[in-house]
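Results of the structural survey
Next come the chains, spelled out residue by residue.
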Amino acid sequence: MNSTGRLGAVVRKEFLHIARDPRTLVLVLAIPIVQLVLFGFAVSFDVSSVRTLVIDQDGTPASRDYLAAYEGSGFFTVVGTGDELSDVDDAFHAGTADAAVIVPAGFARTLARGQKAAVSILVDGSDTNSARVAEAMATALNSLADQRIAVSWADANGIDTQAGQLTAQSRTWYNPDRISSLFLIPGLMVVIVMIVTVQQTAVTLVRERDLGTAEQLRISPLRQTELMVGKLIPWTVLGLADATLIAVLGMIGFGLPLRGDPWTLGAGAALFVCCALGLGLLISALAPSAETANILGIMVAFLPGFLLSGFAFPLEIVPPALQWLSCLFPARYMVTISRGVFLKGAGFETLWPQLVQLGAYAVVVLALATLLYARRQR
Amino acid sequence: MTTPAALPAPPAAIAARGLSRAFGTLVAVDAVDLTVGAGAILGLLGPDGAGKSTVLRMLATVLRPTGGDADVLGASVLTGQDHIRPRLGYMPQHFCLYPDLTVDENVEFFATVRGIDRPERRRRRDDLLGRMGMAGVGRRRAGRLSGGMKQKLMLAVTLLTQPALLLLDEPTTGVDPVSRREFWSILRDLHDGGTTIVVATPYMDEAERCTDLAFLDAGRITRTGTPAEITAAVPGVLVEIAADSARDVVADARGRPHVVSAHVLGDLARVVWDGDPTPAVVATELGVPTGSVRAATMDMETAFTVLAERGDR
């Protein structure tokens, strides 16, 4: 029996394990879809309308122009007009509005004098998410509308009104380019692939050890590398399938553009999957028990995936120590590739450094995993 | 005139010299010398934690000795793994197949990675599962088999490569008596076919089925010999006394000058008596009716217990 035959047997066996465990299948296929839909909806809320009550106490062409900008933005849907502050309370209580814009009397006069005019924007703080979103949008809008308009912020949660407590800047670092659902999906793809693959391979070698099958394999002619590669192939296939699934769903369901070179993206994804799997195998080779492997897998996949990949925060704003740490995980390189290809239309000529980094990472981590696993078996 | 040269003794299947294994500061196996002739069934006996599994794992080349060496099938376990492994079958104590795969899938997988080609795989699978009385269970998940079936499946997988040496680690522990008998009848067939077998077992009745025995205690071999030699090593004879209160008889017997050992077995008091007494002598000394005393054959269980009590194993 040649090497291909043995490798094939391992691959077949691994696919059988996956097929026999419904939880694994759910994790691998359903979670990406659920995540994408969750993120998609949460984020598409960003671009959809915030129900807004407008109160024009000034009643001048200037105030009407200013408020028209809200209606025209697409971010805000004006659901009604009121006369006084109590109308806002009523609307928030009734749940008919999430935000209110109040243009006080004297708005046009102040502007005409060349001074900063004050505008109040009240946001229903009971829904923190929509509150933040609405704040951010109003800020963006104000900066577009007129630099001279000073906005006084208020966060209204029913009765409690505290002006000036919230700052609009809180949202801008979260999404530095511009507010767009599309920005998150390419990163999300990386995070999901990382979560699915690292954790799965993390438990795989430990499982062989716990089952006692590792010993049986050792006294067979099966080579260490054949076992490793045989375990990697099915998960490479599934990891790439997940990446494709997310990309296609993102493009069809959320209008994600694919502006750059798909081959660069594909090559990056393949290398990235190998890196993630190698990381999983490394955990598997080191972990003393299946439980430890599981927890390590989750930690290594989630923390660097979400926090140190640039998916949620730009890496420039995290402390230098964490920036260094982020270089130890493959997600950051792949997030750059994914965003670059999808959003910026980049191709091989700009992203080759990341591809090289991923390739080197894959080689090192797989070699290390094989070495450590072999050493432990002594 | 030339005398025909004596036939050379068949080479030993296993020859261990000073074989040792330490886990950190714990010495699990301490300088074991052990020779197993080709074609023998060696029973490796000893309490839990004596080091039986560790010895077997070193002989199976899945655990590296920290001291000494052993020749297995003519090659050193330190340097000759590639020579040993293809001709060796090792069955660990715990179920070591994939529980989520079916019986057929397990057999197919292990046969493939062990380098058996396709038509031969199928033939051996059908042959082995048939011999195990498992012909109809090919599509069942291995993890859902009964304990006895699991052990037989493991043996079938171990036998795929038709090994010259079988190392079995407590293969019948937790298996019902019927399955145990079946299992041993398979082992006897293999023995008749010339396979060398080393079997670790806690069951003394199984020890009696072996051709050779080795007692292991705290990592050291304390006694080796054939079952007959072991039972002969116990001084005295075994007598059984049927009594309503066997416990009282045993309590009374212990400590008397002629009594080597006394134990309860059901409603029998089993007493090992130094010398060769008549039933009347025993009855008089213990104060029981002469008719309740009869001589019994020394069995392995008693021999092992007595030797253990004497600290003379």
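Just so we're clear, the structure is a prediction, and the values are computed from it rather than from any experiment.

Section: the environment of Phe 109 of chain B
Among the secondary structure elements, Phe 109 of chain B is positioned in helix α3 (residues 103-113). You can call Phe 109 of chain B buried: it has 24 C-beta atoms within 10 Å. In the structure, Phe 109 of chain B is positioned 119 residues away from Ala 228 of chain B in sequence and 43 Å away in space, judged by C-alpha atoms. Discounting residues that sit within four places of it in the chain, Phe 109 of chain B has contacts with Ala 9 and Lys 13 of chain A together with Leu 101 of chain B.

A short note on the sheet that holds strand β1 (residues 12-23) of chain B
Residues and elements named next belong to chain B. What the four strands build is an open sheet, ordered β2-β1-β4-β5; its pairing is antiparallel. Looking at strand neighbours, the two that pair on one side only are β2 (26-37) and β5 (75-76), the edges of this open sheet. Sheet topology places β1 next to strand β4 (residues 67-72); five bridges connect them, and they run antiparallel. Paired with Arg 17 across the two strands is Asp 69, which belongs to β4.

Considerations on the pairing of strand β8 (residues 196-200) of chain B
Residues and elements named next belong to chain B. Extensive coverage of β8 is indicated by the burial of five of its five residues. Here β8 shows two buried faces, one formed by Thr 196, Val 198 and Ala 200 and the other by Ile 197 and Val 199. Both strand β7 (residues 165-169) and β8 contribute to a ladder of five bridges, which runs parallel. Counted as the bridge partner of Asp 169 is Ala 200 from β8. Tracing the backbone out of β7, into helix α6 (residues 177-192) and back to the parallel element β8 gives a crossover that is right-handed.

Quick notes on the nonpolar core
Counting residues in each nonpolar core, the largest one holds 167 residues, and the members touching the most others are Val 190, Val 193, Phe 272 and Cys 275 of chain A together with Leu 59, Leu 167 and Val 198 of chain B. It is helix α7 (residues 184-211) of chain A that contributes the most residues to this core, 16 residues altogether. When sequence neighbours within four positions are dropped, the list of residues in contact with Val 190 of chain A reads Phe 272, Ser 309, Phe 311, Ala 331, Met 334, Val 335 and Ser 338 of chain A. Ile 55, Tyr 66, Phe 92 and Ala 97 of chain A belong to the second largest nonpolar core, which has 22 residues in total.

Observations concerning α3 of chain B
Of all eleven residues in α3 of chain B, ten are buried, a share of seventy percent or more. If you check which residues of α3 of chain B are buried, you get Val 103, Glu 105, Asn 106, Val 107, Glu 108, Phe 109, Phe 110, Ala 111, Thr 112 and Val 113 of chain B. Among the structural elements, α1 (3-20) and α8 (213-218) of chain A together with α4 (118-131) and α5 (147-159) of chain B are those in contact with the buried residues of α3 of chain B. Directly beyond the C-terminal end of α3 of chain B, a positive phi value near 85 degrees is found at Gly 115 of chain B.

Quick look at the sheet that holds strand β12 (residues 259-265) of chain B
All names here are of chain B. Read across the sheet, four strands follow the order β12-β13-β11-β14 without closing on themselves; strand pairing throughout is antiparallel. With partners counted over all chains shown, the strands left at the sheet margins are β12 and β14 (293-296), one partner each. Averaged over all pairs of adjacent strands, the angle between their axes in this sheet comes to 25 degrees, without regard to strand direction. Here four bridges tie strand β11 (residues 237-242) to β14, and the two strands are oriented antiparallel to one another. Following the sheet pairing, Glu 240 is matched in β14 by Arg 294. Here helix α10 (residues 279-286) sits on the sheet in contact with β11, β13 (268-273) and β14, set at roughly 125 degrees to β14. Here helix α11 (residues 300-309) sits on the sheet in contact with β11, β12 and β13, set at roughly 130 degrees to β12.

Quick notes on α7 of chain A
Residues and elements named next belong to chain A. Between its first and last C-alpha atoms α7 spans 40 Å; for 28 residues at 1.5 Å apiece the expected length is 40 Å, and the two agree. The largest bend in α7 amounts to roughly 25 degrees and is located at Leu 205. Of all 28 residues in α7, 25 are buried; the element is thus mostly enclosed. Gly 212 sits one or two residues past α7 and shows a positive phi near 85 degrees.

Let's talk about the interface of chain A and chain B
One widely used convention gives an interface's size as the accessible area the parts lose upon coming together. Taken together, the contact pairs 21 residues of chain A with 23 residues of chain B. Counting residues per element, the ones that place at least two in the side of chain A that touches chain B are α1 and α8 of chain A. With seven residues, the single largest contributor to the side of chain A that touches chain B is α1 of chain A.

Description of unusual backbone geometry
All names here are of chain B. You will see that Ala 31, though not glycine, has its phi angle at about 50 degrees, which is positive. With respect to the element layout, Ala 31 can be found in strand β2. For Ala 31, a count of 15 C-beta atoms within 10 Å corresponds to the partly exposed category. In this structure, Gln 162 is a non-glycine residue whose phi angle is positive, near 50 degrees. Along the polypeptide, Gln 162 turns up in the loop between α5 and β7.

Looking at the packing of helix α10 (residues 262-286) of chain A against helix α13 (residues 331-342) of chain A
All names here are of chain A. In contact at an axis separation of 10 Å, α10 and α13 are set at 160 degrees when each is read in the N-to-C sense. Taken together, the axis directions place α10 and α13 in an arrangement best described as roughly antiparallel. Crossing hand, α10 versus α13: left-handed. Where α10 abuts α13, its residues Thr 264, Leu 265, Gly 268 and Phe 272 lie against Met 334, Ile 337, Ser 338 and Val 341. In terms of residue class, the contact of α10 with α13 is built from five nonpolar, three polar and no charged.

Describing the packing of α7 of chain A against helix α11 (residues 290-307) of chain A
All names here are of chain A. Relative orientation of the contacting elements α7 and α11 amounts to 165 degrees, with a least axis distance of 8 Å. As the angle between them shows, α7 and α11 are arranged roughly antiparallel. As for the relative orientation of α7 and α11, their crossing is right-handed in sense. Touching Val 191, Met 194, Ile 195, Val 198, Gln 199, Ala 202, Val 203, Val 206, Arg 207 and Asp 210 of α7 are Ala 290, Ala 293, Asn 294, Leu 296, Gly 297, Ile 298, Val 300, Ala 301, Phe 302, Gly 305 and Phe 306, all from α11. The residue makeup of the contact of α7 with α11, split by class, is 15 nonpolar, four polar and two charged.

Quick look at the environment of Gly 59 of chain A
All names here are of chain A. With respect to the element layout, Gly 59 can be found in the loop between β1 (50-56) and α3 (61-73). Looking at Gly 59, the number of C-beta atoms within 10 Å reads 12, which means it is exposed. Between the alpha carbons of Gly 59 and Ala 105 there is a distance of 7.6 Å; along the sequence they are 46 residues apart.

Here we look at the confidence of the model for chain B
Residue-level pLDDT values for chain B average 87, and 96% of them are 70 or greater. ipTM for the predicted complex: 0.78, alongside a pTM of 0.73.

What counts as what
- Residues numbered from 1 in each chain as written.
- Chains lettered and ligands numbered in written order.
- Predicted model: local features only at pLDDT ≥ 70, side-chain atom pairs only at ≥ 80, totals over all residues.
- Helix = DSSP H or I, 4+ residues; strand = E, 2+ residues; numbered from the N terminus.
- Buried ≥ 20, exposed ≤ 12 C-beta atoms within 10 Å, placed from the backbone.
- Contact = placed C-beta atoms within 7 Å.
- Pairing = 2+ DSSP bridges.
- Right-handed = clockwise from strand over helix to strand, strands pointing away.
- Core = buried A, V, L, I, M, F, W, Y, C linked by C-beta atoms within 7 Å.
- Axes fitted to C-alpha atoms, helices over the stretch in contact; angles between N-to-C directions.
- Expected span 1.5 Å × (residues − 1).
- Bend = angle between axes of the 7 residues up to and from the residue.
- Parallel < 35°, antiparallel > 145°, perpendicular 65-115°, else oblique.
- Left-handed = near helix turned anticlockwise from the far one by under 90°.
- Nonpolar A, V, L, I, M, F, W, Y, C, P; charged D, E, K, R; others polar.
- pLDDT = per-residue confidence, 0-100.

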